[in-house]
Amino acid sequence: MSSGTSFIDTNVWLYRLFDDKKMEVTERTRKRNIAIAITEAEGIIISTQVVNEVAANLLKKAAFNEGQIKAVIQSLYSRCTVVEFNLTIFESASDIRSRYNLFGIV
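Keep in mind it's a predicted model, so treat the numbers as computed, not measured.

Visitor: An account of the packing of aromatic side chains is needed here, citing residue identities and associated values.
Guide: Each aromatic ring pair is described using two quantities: the centre-to-centre distance and the angle formed by the ring planes. Here the structure, examined in full by the defined rule, presents 1 aromatic pair. Plain terms: the ring middles of phenylalanine 85 and phenylalanine 90 are 5.4 Å apart, the flat faces sit at 45° to each other, and that makes the pair tilted. Of the residues examined, phenylalanine 85 reaches a relative accessible area of 33% and is grouped as partly exposed.

Take a look at the structure:
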């Protein structure tokens, strides 16, 4: 993966952290390997929303306990830049959607 900064969304983290038995083994392995490669990069940015979604999904779908969730959250905060959404971010997102006709994407 190239250097620079990248925003990594929830599903990438879940592919890395959760062994979803509903997926075929080859597909699960492929997605996990891609997720590992992506999340090993430098300059990763995530939002507090991503942290919350990862934790909620691991509790619900992977039956993680609170100790495991706390460890995941600590790891995310130590390896990533975590940003909170604010008015400027929401307005910038709106401007980008308008400029590039990305309506319907949240």
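Visitor: Outline the layout of surface pockets, supporting the account with residue identities and numerical values.
Guide: Computed from the structure, the second largest pocket encloses a volume of approximately 250 Å³. Taken together, 14 residues form the lining of the second largest pocket, with Leu14, Phe18, Asp20, Met23 and Lys61 sitting closest to its centre. At the level of secondary structure, the elements contributing two or more residues to the lining of the second largest pocket comprise α1 (10-17), α2 (25-39) and α3 (48-61). Of the residues assigned to the lining of the second largest pocket, the class counts are 4 nonpolar, 2 polar and 8 charged.

Visitor: Provide a residue-level description of the pattern of salt bridges, including the pertinent values.
Guide: The final tally for this structure, using the stated rule, is 7 salt bridges. Across the salt bridge formed by arginine 30 and glutamate 27, the nearest N and O atoms sit 3.0 Å from each other. Here arginine 30 and its partner glutamate 27 are both found in helix α2, 3 residues apart, which amounts to about one turn of the helix. Of the charged contacts in the structure, one is a salt bridge between arginine 79 and glutamate 40, with a shortest N-O distance of 3.4 Å. One end of the pair, arginine 79, is in helix α4 (residues 66-79); the other, glutamate 40, is in the loop between α2 and β2 (44-47), and 39 residues separate them in sequence. According to the relative accessible area criterion, arginine 79 is partly exposed, its value standing at 32%. Overall, glutamate 40 belongs to the partly exposed group, its relative accessible area being 46%.

So, how was this worked out
Residues numbered from 1 in each chain as written. Predicted model: local features only at pLDDT ≥ 70, side-chain atom pairs only at ≥ 80, totals over all residues. Heavy atoms only, no water. Phe/Tyr/Trp six-rings, centres within 6.5 Å; stacked < 30°, edge-to-face > 60°. Buried < 20%, exposed > 50% of the residue type's maximum accessible area, 1.4 Å probe, protein only. 1 Å grid on protein atoms, 1.4 Å probe; cavity = no way out; pocket = protein on both sides within 12 Å on 5 of 7 lines; lining within 4 Å. Points joined across faces, edges and corners; volume = space filled by probe spheres on them. Helix = DSSP H or I, 4+ residues; strand = E, 2+ residues; numbered from the N terminus. Nonpolar A, V, L, I, M, F, W, Y, C, P; charged D, E, K, R; others polar. Salt bridge = Lys/Arg side-chain N within 4 Å of Asp/Glu carboxyl O.

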